[in-house]
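The residues making up each chain are set out below.
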Amino acid sequence: MSHQLCIVLDFGGQYTQLIARRVRESGVYCEVLSYKTSVEKIKKLNPAGIILTGGPSSVYDNDSPKINKEILELGIPILGICYGYQLIIHTLGGKVSPAPTKEYGKVLTSYDTNSMLFSGLNENNLSWMSHNDYVVEIPEGFTAIASTELCAYAAVENTSKSLFGTQFHPEVNNTVEGFKILHNFLYKACKFTGDWSMANYASTAINNIREKVGDGKVLLALSGGVDSSVAAALLAKAIGNQLTCIYVDHGFMRKNESDEIKKAFADWDINLISVDAREQFMAKMKGVSDPETKRKIIGEEFIRVFEQEAKKIGKVDFLAQGTIYPDVIESGEGDAVVVKSHHNVGGLPDYVDFKEIIEPLRMLFKDEVRRLGTELGLTDVLVWRQPFPGPGLAIRVIGEVTEEKLDILRDADYIFREEIARAGLDRQVNQYFAVITNMRSVGVENNARTYDYTLGLRGVTTTDFMTADFAKIPYEILEIVSTRITDEVKGINRIVYDITAKPPSTIEWE
Ligand code: GLN
């Protein structure tokens, strides 16, 4: 691909992916590589800028991650952040020591706005700190360009070598003008032109796919999730009906969802095979109430159905998957590539006869995948679809899955989602859904006793789904939801709202 490159060298910091996303949001393409990447490889990739991330270690420890000095001498502008900054100083002969007082959190910082890095900023502003060590002596050629009460060298530069370092984290929102700082580094120091956009990406990716696939056949398991839908759209634009998508309806989709997915792709020039396997899956669920067993049975059955359908097509040349960048990023510490196969079709490759895998979203972050989807003309329903577990509603029915409980859940969940959207909260609350418990309790309706199910409502806010808070949905909205569900859905006489964070809870109940 023909865009300029920024390399983010990962030293194991918790904000590595955030740095990469910020760089891309600035219109610059970047890739995360391990700190172990060789000078030769870096030279070959020919980046116009390099960012060294933070990390948990201390640079003066013998076994902490180091950087080859040659990388600092390539003449490529480099920004070191926190550990990355300390490492530049340590490597070039300065001194890093344990700080007498740790700084953690927002700290008032004075910036030298004559420096390229801070040009256009306010002279005093908050920055986000998180460190135990600090720089006490800077090597020759460096000057201090920012300070805090505890840190004389909160940021430094060496203009002749184009090296910059910040003790604080410009990538996090709590550094008030952090985005500007990164922007200055990228556009003023590295002189990037800003050639990374989704429109560009789409046209290059389409050409690449055409070149690679030729007149071959491609098979994709369409789950209806964001990633597989966008992958399908991209492939459809590139190779039209050389693409076959298999959509397995296991019967645990939300209300109207199977129709929505089929409708979304109805006008596209692809072969969409939709398999109605609802009865088959339901039969397997009989008498099963253990969550892990449910998940396992559904996963295995999915592969079986897919395999049957794939056999009918015969040999395909490529199996396409919606793998995205966070699934493939190398970690700073390990040598192995971390691949989380968390999409519903993990395990498929073993069961399909194909030559090669293609993963056209492999270099994209989730928000970029969404933008690409919109760019390609997918509806918001698909592009902004919430994460939905592979086993679907089967794990939102606590205990044994029955048609009765599924029907109740579908209707209740639909009302909840409808009201959240109506209140304009659908992009603020990152995931929200209903769960039908296995518990019944006593209620009263029209002067008569009822004995019905309890419904759980869950709403969370999160940026990465690794941790989450319960969403503070206003009581007025919850009240509307509760009244509507008890009025409109038979079989529910009690509704509770889940107020636990993850951890100690998980987002899904099973
Ligand atoms: N471990 C180093 C310190 O404590 C760097 C921390 C960081 O990169 N956030 O100072």
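Relevant structure appears above.
Residues numbered from 1 in each chain as written. Predicted model: local features only at pLDDT ≥ 70, side-chain atom pairs only at ≥ 80, totals over all residues. Heavy atoms only, no water.

A surface patch of nonpolar side chains, amounting to about 260 Å² of accessible area, comprises Leu108, Leu126 and Val176. The residue Val176 is located in the loop between strand 9 (163–166) and helix 5 (178–189) in this model. (Patch = residues over 30% accessible without salt bridge, like charges linked within 9 Å, V, L, I, M, F, W, Y side chains within 5 Å. Areas by Shrake-Rupley, 256 points an atom, 1.4 Å probe, with all protein chains shown as cover. Salt bridge = Lys/Arg side-chain N within 4 Å of Asp/Glu carboxyl O. Helix = DSSP H or I, 4+ residues; strand = E, 2+ residues; numbered from the N terminus.)

Turning to the sheet that holds strand 14 (residues 356–358), a few remarks are in order. Taken in spatial order, the 5 strands of this open sheet run 12-11-10-13-14, and their pairing is parallel. Pairing within the sheet leaves two strands with one partner each, and these edge strands are strand 12 (271–276) and strand 14. Each strand of the sheet is rotated relative to its neighbour by a mean of 25 degrees, with strand direction disregarded. Judged from the 4 bridges that link them, strand 10 (residues 218–221) and strand 11 (residues 243–249) form a sheet pairing that is parallel. Bridging from a neighbouring strand, Ala221 pairs with Ile246 of strand 11. Contacts between helix 7 (residues 226–239) and the sheet are confined to strand 10, strand 11, strand 13 (318–320) and strand 14, with strand 10 contributing the most and set at about 160 degrees to the helix. (Pairing = 2+ DSSP bridges. Axes fitted to C-alpha atoms, helices over the stretch in contact; angles between N-to-C directions. Contact = heavy atoms within 4.5 Å.)

For the structure shown, the criterion picks out 1 cavity of 30 Å³ or more. What the largest cavity holds in volume is close to 30 Å³. The wall of the largest cavity is formed by Arg21, Arg24, Glu25, Phe365, Asp367, Glu368 and Arg371. Where the lining of the largest cavity is concerned, the elements lending two or more residues are helix 1 (16–25) and helix 12 (366–375). The residue inventory of the lining of the largest cavity, partitioned by class, reads 1 nonpolar, no polar and 6 charged. (1 Å grid on protein atoms, 1.4 Å probe; cavity = no way out; pocket = protein on both sides within 12 Å on 5 of 7 lines; lining within 4 Å. Points joined across faces, edges and corners; volume = space filled by probe spheres on them. Nonpolar A, V, L, I, M, F, W, Y, C, P; charged D, E, K, R; others polar.)

If you look at the biggest cluster of nonpolar residues, it comprises 120 residues, and the most contacted ones within it are Leu9, Phe252, Leu372 and Ile473. The biggest single contributor to this core is helix 7, with 10 residues. Not counting chain neighbours up to four residues away, the residues in contact with Leu9 comprise Leu33, Ser34, Tyr35, Thr37, Ile42, Ile50, Ile51, Leu52, Thr53, Ile67 and Ile71. Membership of the second largest hydrophobic core comes to 36 residues, among which are Ala99, Val107, Tyr134 and Ala146. (Core = buried A, V, L, I, M, F, W, Y, C linked by side-chain atoms within 4.5 Å. Buried < 20%, exposed > 50% of the residue type's maximum accessible area, 1.4 Å probe, protein only.)

Around the ligand, the structure places Gly54, Gly55, Pro56, Ser57, Cys82, Tyr83, Gln86, Ser130, His131, Asn132, Asp133 and His169. A distance of 3.4 Å separates a nitrogen atom of the ligand from a polar atom in the backbone of Pro56. Ser57 is positioned with one of its backbone polar atoms (N or O) 2.6 Å from a nitrogen atom of the ligand. For the ligand, whose free accessible area comes to 300 Å², the fraction covered by protein is 90%. Going through the elements one at a time, helix 4 (83–91) and strand 6 (124–137) are the ones with two or more residues in the shell around the ligand. Among the elements that make up the shell around the ligand, the one with the highest residue count is strand 6 (4 residues). Considered class by class, the residues forming the shell around the ligand number 3 nonpolar, 8 polar and 1 charged. (Near = heavy atom within 4 Å. Polar contact = N/O pair within 3.5 Å; in protein donor to acceptor, adjacent residues only side chain to side chain.)

Note the cis peptide between Lys502 and Pro503, where omega equals -15 degrees. Within the fold, Pro503 resides in the segment after strand 18 (492–497). Following Pro503, the chain continues to Pro504 via a peptide bond in cis, the omega torsion being 10 degrees. Tracing the backbone through its elements, the reader meets Pro504 in the segment after strand 18. The phi angle at Asn46 is positive, at roughly 55 degrees, despite the residue not being glycine. One can find Asn46 in the loop between helix 2 (39–45) and strand 3 (49–52). You will see that Asn447, though not glycine, has its phi angle at about 65 degrees, which is positive. Along the chain, the position of Asn447 falls in the loop between strand 15 (431–445) and strand 16 (448–461).

All quantities given are derived from atomic positions and should not be read as evidence of function.
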